[in-house]
Every structure is written in C-alpha cells, then in structure tokens.
Amino acid sequence: MQFSYTPYIIPLLIAGAASVWVAYYSWSHRGVSGASALTFLALAAGTWTIGYALELAGADLDTKVLWSKIQYFGVTTVPLLWLIFCYNYFNQNRLLPPRVIGALGIIPLITLLLVFTTEYHGLIWERYFISRIGDFSYLEVTHGLWFWIYLAYGYFLLIIGTYFIIRLIRHKHGLYRGQITALIAAAVTPWVGNFLYISGLIPVDLTSFGFTIAVIATAWGIFRFQLINLVPLARDTVVETMEIGMIVIDSQGRVADINRAAIALIGLPAGQVINKPVVEALSRWSHLTKKYQNVREALDEISIGEGEHQRWFELGLSPLRNDDQTVIGRLITLRDITVNRQVAERLRQLSRAVEASPASIVITDADGQIQYVNPKFTAVTGYTLPEVFGKTSRILKTDQTPPEVHQQLWNTITSGREWHGEFCNRKKNGELYWETASISPIFDAGGHIINYVGVKEDITRQRRMQEQLQIQNKYLSILHEIALDLLNRRELNDLLQAIANHAADLLNAPYGEIMLKEGAELVVHSFTQNQEYLSGDRVGRDTAKLAWQAHDTGQPATLDDYSAWPDRRTIYDRAQLVAVADFPVMVEGQCVAVIGMGRSNPGQVFTPEEIQTGILFSRLVGLVLDSVNLYDSAMREIAERKRTELLLQESEERYRQIVENANDLIYRTNVDGYITYVNPVSLGLFGVDKTDSILGKNYLEFIVPDWRTKVRRFYVRQYLNGVSNTYFEFPIVTPDAHELWLGQNVQIIREADRIVGFQAVARDITAIKRTQEALALARDQAQQASRFKSDLLAKVSHELRTPLFGVLGYAELLRDNALGPLSKDQKQAVETIVGNSHYLTSMISDLMDQAQIEAKKLVLQFGQCSPDELLRSLEEIMSVLAQKKGLTLRTLLDPEVPATVYSDAQRLQQILINLVANAIKFTKQGEICVRVFQPNATHWAIQVSDTGIGIPAEAQAAVFEPFQKVNSVLTRDNRGIGLGLSITKQLVDLMDGQIKLDSEIGKGSTFTVTFPINKIG
Amino acid sequence: MSKPLALIIEDDPEIGNILSISLQNEFEIELLNDGNEALVRLAQVVPALIMLDLYLPAVSGMDIFARIRSDPRLKTTKVIVCSADAIHADALRSQADLVLLKPISPSQVRELACRMIGLS
C-alpha cells in the first residue's frame, strides 16, 4: 500500500475527525432522542470521509481501490442513517421500527457486497483507472448498473429524511425555526457535492465532505442551540400540554406561536393562525381584539360563547421583552375558569339548597356547639337559630335514644368518620319525633376538624310505616302459620285456639276470643288464657251486643272504652277492658264467627291501621274456615262431640248411680290386686265408715284364709289367659269379722291392649249359699235315705226270698211227688201254694229291680250278645206260659240284623220277658209276635206285638210310670203291682235305648225297643 | 258207677234239705252248713258241682267263691251261686257258672244242674 501526500486530504481528514468527535459527543448524550442515530450517522460520514481521504492519498491503483471500497461502508449506510436520525429526532419519542430499518437495509447491504466483488461483475464499477491532474491522482470509474440503482435508492432515503426536516420546520414555529433552517442547509450540502461529482462538473466527489459538514453543522445546531437538549422538549411538553391557552404575538401584531390549548380555543388549525395578524386569527373574538388591541398588560375575566357553551376565561396579557428590555411581542394567556365559576355558582346554589332543604341541617363547631341551623330545623323542632346558637344538640335529647348511640356518634365523628343513625328527639313543644341523621366532620386544610355538619330527616312517619310494615310482616307470617296449621289439619279446637292467640298477638290486644255462630247464639270456642271465665260462654242477640253488631253489619265493631259502655257485659268487668274490637268472620257473605279483641290499657285505642289489619286477619280466618269446609265439619264435629259428651255424661251419671246405689259390691283393683275403688255399698257390707279402710288393700286380705290360694290361682289364671269375664264364689271375712259368701264377676280392664286391672262386681250370696248348703244337706240326706231304702229293700227282699224258697221248694217237691204221692185236693192246695209263691217271687223281683234302679245300683254288664240266642232263650222260657193261655209265641229275626250286638244280655232278656209277659197277660187270644230287626243303619230293635185288649191313647203315656196299671183294677188275670213296664222303660233308658208304644183298643199293642248298634261302652 | 259229688253250702237247713232232695237222684250230696266247714271240705275233695249260698256264718259265700276260683284243683268244678240277695248275686254273675236267685223251683235246679255238668 503506497500513499502520496496531496493537500486535498487535509480538509477531508479534519472533516473525518470532526465526524468522529460528533459521534463520540452524540454517544455520550445518547439518552436524547435522535442522538444514537446521530452517532452512527457521524461514524458513517466519518468512515466515508476518511476512506475518501485515504483513497485520494493512495499512490497506486490497488490502494485507491481498497479505500474506495472501504468508503462504501459509509456510502451505503449514510442515507439510511440520515433517514433514521431524521425520523427519530423529529418524531420525538417514536423510533423507526427495527423491522423497517431491516427492510430498508437490504439494498445497502447488497450494494456493499457488490462493491467488494465488482471486479467480477462490474455492477458497481465497469472500469476503473487512475487519472491524474498534476500530482493529484484520483480513481476514475465508470459506474455500473447497480451503482445507479443504489444512487437512486440513496437519494430516495435522503429525500424522505429531508421531508421530516421540512415537517419539522412547519412544526417548529417561532423562535427555533431559524436553527431548523440551518439544519436543512446542512442536510443539503452533501447533495450539492454529490450532484457536482456525479454530474462530472468536478472530478472530486464532495459528497462525503458535504455529509461531514452536514454532521458538524447538525451537531453544532443541536448542541449549541441545544436542539437535542431537554429545554425545547420541556418547553414543548409544557406549553403543548398546558390547559392554559397561550398565544405569542410579535411586535407586528402577528401570531408567532400558539399552543394546542389556544388552538383548541380558537377552533382553527395552527397553519391558519400562525403568522396571521391577531385580528384575523381571532376574528371570532373581534370584540376582544378590539378591546385589548393596545393594552399591554391585563388580567380579566372574559366570557366566550353563550348559553350552554358559554365559557369563562381569565385573560392574561403581558409584554415579551428581549434581553435589552425592548418589547418584542405580547403573550396572551387564556385560563378556562368556567368550572371555577360553576363551582362558585354551585356553592351559591348549595347554600340556597341548605336554606331550603327539606332535611334539617345543623352545623356545629368542633366542640359541638351549634353555629347554624337551617329553616327546616326550625320547622321540625320549633327552635330558631338564635335560640340554639352556641348550644349543643343535647337540648333535643330524650331517654328514647339509648346513651350508647350518642357515645358511638361522638366516637365516630371525632375520629374523622361519618356517622349514620337514628335518634328519638324532643321538639320545643315536648313532642317526640324520630329522625335519621348523617353527621360528618369538616376539615380545614391542615386536616383538623373545624365543624360538624348534621343532616337530619324526620322519619317519624317512616318509622310508623315501618311499624306498619312489621305488622304486615307479622300478619304474613301468621298467615303462613295458619296456612301451615290448615295443612296440618290440626283439630278444630287447636286451630281456633291458634286463631285467638294470633289475633291477640297481631293486634297487640291481650284479650282475645273467637266465637262461632251456632244457631241463634255465638259460642265462645277459644280464648286467650287470661279469659278462662269465657269457657263455654254462649251469647244470644240481647247479651253480646257488640259481637252481634259485628255479626249483623259484617263490619268491625269497636269501642274506645268498653267499661263505660252502657250495654257492656259484666262478664268482662274483671278484665277491665277499655278498647275493644269485634271482627266478623265472613264465609260466602255469611258471618260464621266473630273474633273479639280487647285491651285494658287506657288510651290505647285501635288505630285505623290496626282495624284494617284485623279485617285482613278475619278475612284470612274466613278463608281458613271456608277453604276446607272446615266450618261445616266443625259444626258437625261440635254437634257430634256435644252429643257424645252428653251421652257420656248420661251414661257416666247412670253408671255412677248404678254403682253408687247398687246392692252389689263393685270395686276395682290394679293388676296386682290392690283395691283402687270401691262403691259405697261396700261400706255397709264391710261394716266400715270410710272407703279408706278398704282402698289400697289387697283383695286377698279379705278372703277366708283357707280359700286364698284357690281364689288367687283362679284370678291369676284369668289374668294369664286374658279371660275377659269370669264368675267365682268364695267366702270372705269382713273387717268386722263377719264371714260372707261372695259371688263375683270379674272383668279385665284393658288399656291399649294391656291389662291394667280388674273390675269386680260381687254380690253377697251368703243367704243363697246357706240355702244351697241346706238343700245340699237335704239332698244328701235324701240320697242317704234313698240308699237306706234300697239297702232295706235288698235286705227285705233277701229276708222274703229265703223263706219263700222254703215254701216254693217244698210245695214244688210235694207237687212233683218227690215227698210221696198227694191226694187230688192236696195237689190242688199245693198248686195254689206254688202259684202264689211264684207271684210273690216276681213281685219281690220287681220291687228289687225298682229299688236298685232308684238307688242307681243297677250295674249293666255289657258284652257281645246274640239276638238269635236271645230269641231262642225267650221262646224256651215264655212259650210254655203262652201255650197255657192258648196263645202263640212267634219269634222273627230279620237277616240283616248283626250276629251279635253289644249289650247286656241279662237285661235284654229281662226287658223281653217283661214285654212278652205283659203281652201274654193282656191278650186273651191270638198271638204274641217278637221280632228283631234293624230300622236303620245305626240301630237295631226288638218289637213285641200282641192281639190283646190294647191301651187307650190317653193312658199310653202313663204305662211306663211305676205302679201304673191301665184301669187300675186289680183283676185276677192281670194282677201285679205295675212295676214291669216301668222297670222295662228304665232299663231301656239305662241302655241308651228308646221304647215306643203303638196301640189301639181291641186290636192290640206293639212295643218297640230301639238300641244303638255297636255301641261299645 | 258212682254219682258225681255235689257240695251244697247252705246255712239254712230247710233250703239245704230242699236242694239235697232236688239233686239227690243225680248227685252224691254233701251238705255243709258254714263257711269254715266248707273250706275244710273243699281242701279235701274235688266236687263236680257246688251249690253256694252267699250269706254264710264264719266265712261268706263270696270268700268261698274266691277260694274256689283260685284253687287249680277245682277248676273243673261248676259253681252255681244260689242266693236270695239279688245285688250280690248279680255281682258274681260273670264269674259263676250260674247264678240262681231264690226262690227257685227244685225241678229247675235239678234240670239246670244236670245240664251244667253234662248229665241228661
């Protein structure tokens, strides 16, 4: 690399050094907008300038080419950096976005690459060589295509940057415009140099030099005039953002500067105002310009516009002087004081409002002493300002407001907070009133409390309404409750009771009652507890006039002093009712009930609101009673209950009378046998004065000791088996040591399926018992006598039979010639003896049988008997006897009769013999037929028929009676003592059989004996 | 061939006589007048027939009847109870071979007695 000195490089190097210095200076002030860009711009310009200087200094082609290429670091970046600087600086706080910088940097970058490779393509330099003018040699180039492209691009960037500068000049009016113009000049310099070079007017490229001059000029402009410093920024910021309109007028009366606020006021764009004469610019306000045309200094309030748009300004006019105190212009300031004026106006309005406020307003000092009250306060309290000035609010204080309210009030406001609350205060005339108050402290600028302001409102009405509301709420809740009651379908009495209680509660009337209409009467059904005396009260039209008035009119009937009412009912005297109200309960236009309310506090009359509530309530009650037809069912229920009660009363009464007057001993015991009740009869019976000596004792104590176990066991069994009713007889010993027999019915007393005791109805059966005992004794004696008779008979029979055997035995032996032959007469005599002996024997037998039967000593001996055998045996015994009378004895056995029957053969034979003997006895001719047959599946029968004289119908029933004999004529033919048929009948009965007689006079008789078959005894 | 032995146990001499006469043609008769005597004799002999009264001195007819029924030796012996007491007689009806209630025909007694022991 070879260099040769040439004087041209000196200014270039200086310019380059200046650029570097500017870069350094700018960098050290890089916080200022645009300063960073200026640093790079200066560096780029310096690179270009120095590069160019070294190119010029280069002695050979290679050196010149190298430095020429290095210049291009500057050449390619300067236009772009210029643009960035201009943009950043003139757009204040906005930087050119990196994205845009990147895009704009593409072409310079390509250019740079092409520069270093131009030998290969010639796009930048097609040819280059050294030209010399004297000892000054320079690189002469023929530029390639891309160079021109880039040149155009570079100019384009420069133009844009310059555009920002021009905008700045438009923008920066007034004092700084000159400096800006200088800047523009600086900016243009490189252009001129470049143009000269490109156009070939001079061989040296002065562009870089121009840039360096531009940079230095800029730097000088910036830093000398502090373009880049805070001052213009602050000035701009303050002036531009100022609310106060500011207009600078130069000495010629033209607008030199105007800020945004003033522009806004004038309503014209800044361009149409600046440099225009004030008179023209402010033509809208001609009256003002005229007024202040020659005024140098002023401070006035002016108004602009009218009506809603009217605005007020504080106009400031002051001269602008330069350093030597010559006036160079005037400064106009316009401060919008519209709001201030409005505030002041509002304050005036407020004070008027305070005066006219419908709320009481009190202002006190920090000690609470009243400084001001408004007229409403006077209207409410009756106190005027002079009366209360300097006093505290205590003059209004009452006991009604709890002390802690005041305490809390003071604690709140003295700590600087606002207090809200309610007081009950007293007016000047002593009347109480409720007011709500908002009390707030007022502070001075130092934050000290200087005043308190109280805004108070009379809320007596509201409170009353609130109370009304509470009553309404209560009414609603009662409605709810009653509706619930209704849903629960409580018993009518409960419902009515609830109504009475609710009514009393609702209307704050301690005395309440509800009367239902029953026929021509109003009947008290439920009442508040303090009116017990009303229980069962029934009133007709003449008695309870007020209630009936309500009933008849369908409207509430009220009195303010019941006690003084001539028609009052004395029943209420003890309650000392004062205010009363009777409300009719209407169902479908009919009054079905009356609700009566009463108060005993003097002066507490029913207010119209309360009456209204009462009407609502009774309407509700009406709905309740109606909606479920409860009223009807209530009436039915009442009637039913009344009837039941009556019946119950009657039956109770009857029962009581029965019990009290019964001859029977009636008592009750608990389940353990302890006596819980006895009727008065017991007193006489037990020989005691009071039931106390019986009550509480165990019933067993009265039982004769020997019987106790037995009796106890009996009733324990009744208890265990739950037998509802028993009868038992036992002896007792009374407290006065009498022994009595009781016949006792005992019923179990149950409660809910549980045995809780016994009720006994006992009768003194001592007399009956004695009779019974006597009877039993008599019976025993009779039985004994009977037994004795039987024994006697048996004895007699034995004692008769034995000798009779001697008579009969010897007589028969004689007759049969066992003791030797007899004469005919002797034989006749012996026959008679034999016959009579037989008669005697049979008579004794009958008597014996009868005796045995009567003594129940006859023992049947059952076994298997053959009817066939029975008949054959009968024939054997009886046919001889029949033949003797010339009669035929016929026996018949039906084949279906079983081969054997279960019976007593001996007695069967006796029955048959008796019947057959009887038949033979009363039959003169014909036959006796004995037949055994089976009349049905379960019975067999013996039938004995004869062809005898027959038995008359009227005598048939008696033939079976002992000692009966038809005709009762003892004839020789049919003698006997008449026991035969009676014994037969008795035997048949004993054997579970039946005997039947069919007979017709002259035709004969048929006896039929029927026995059950197979009866195994 | 000797006649079968019949014991007549009867305290009444007349009745004993009547019964003896009634049966004498067919039976060898022994008449016993009281219970003790009867028991002694019954221990010695085995009669074909016993005519037994119930009312006896010393030992009653009932006791004698019980002794007879309990003695195996006498199991072939037929017993006819012959009493004037219908009640007691009835009581033995099922146990005795025959019960006859006094008075009774001598001819019937003979006939029944013969039939009982298989004599014609």
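Residues numbered from 1 in each chain as written. Chains lettered and ligands numbered in written order. Predicted model: local features only at pLDDT ≥ 70, side-chain atom pairs only at ≥ 80, totals over all residues.

A short note on the overall build of chain B
Note the following rule: Every helix listed is a DSSP run of H or I at least four residues long, and every strand listed is a run of E at least two residues long, numbered separately from the N terminus. Exposed residues have 12 or fewer other C-beta atoms within 10 Å of their own C-beta, buried residues have 20 or more, and residues in between are partly exposed; the C-beta atoms are placed from the backbone. Two residues qualify as being in contact provided that their C-beta atoms, derived from the backbone, are within 7 Å of each other.
For chain B, the count of helices and strands is 5 helices and 5 strands. Taken across its 120 residues, chain B has 42% of its residues classed as buried. Of the contacts formed within chain B by residues at least 6 apart in sequence, a portion of 54% connects residues at least 24 apart.

Details of the interface of chain A and chain B
Worth spelling out the cut-off: Asp, Glu, Lys and Arg are counted as charged, while Ala, Val, Leu, Ile, Met, Phe, Trp, Tyr, Cys and Pro are counted as nonpolar; the rest, among them Gly, fall into the polar class.
Facing 23 residues of chain A, the contacting portion of chain B comprises 18 residues. Counting only elements with at least two residues in the side of chain A that touches chain B, the list comes to helix 25 (766–815) and helix 26 (824–854) of chain A. Per element, the largest residue contribution to the side of chain A that touches chain B is 13 residues, and it comes from helix 25 of chain A. Of the residues belonging to the side of chain A that touches chain B, the class tally is 9 nonpolar, 10 polar and 4 charged.

Some details on the environment of Met51(B)
Residues and elements named next belong to chain B. Within the element layout of this structure, methionine 51 appears in strand 3 (residues 49–52). Residues methionine 51 and isoleucine 80, 29 residues apart in the sequence, show an inter-C-alpha distance of 5.0 Å. Here methionine 51 is in contact with Ala6, Ile8, Ile9, Glu10, Leu19, Ile80 and Cys82, once residues within four sequence places are set aside.

Observations regarding the pairing of strand 3 (residues 245–250) of chain A
All names here are of chain A. Just so we agree on the cut-off: For two strands to be treated as a pair, DSSP must find at least two bridges joining them.
Where strand 3 lies against strand 7 (residues 327–336), 6 bridges are found, and the strand directions are antiparallel. The partner of valine 248 across the bridge, within strand 7, is leucine 331. Both strand 3 and strand 4 (residues 255–258) contribute to a ladder of 3 bridges, which runs antiparallel. Each bridged residue has a counterpart across the sheet, and for isoleucine 247 the counterpart in strand 4 is isoleucine 258.

Quick notes on the confidence of the model for chain B
This is how the line gets drawn: Per-residue confidence from the predictor is reported as pLDDT, a score between 0 and 100.
Put simply, chain B has an average pLDDT of 87, and 98% of its residues get 70 or more. Across the interface, the model reports ipTM at 0.85; the global pTM reads 0.32.

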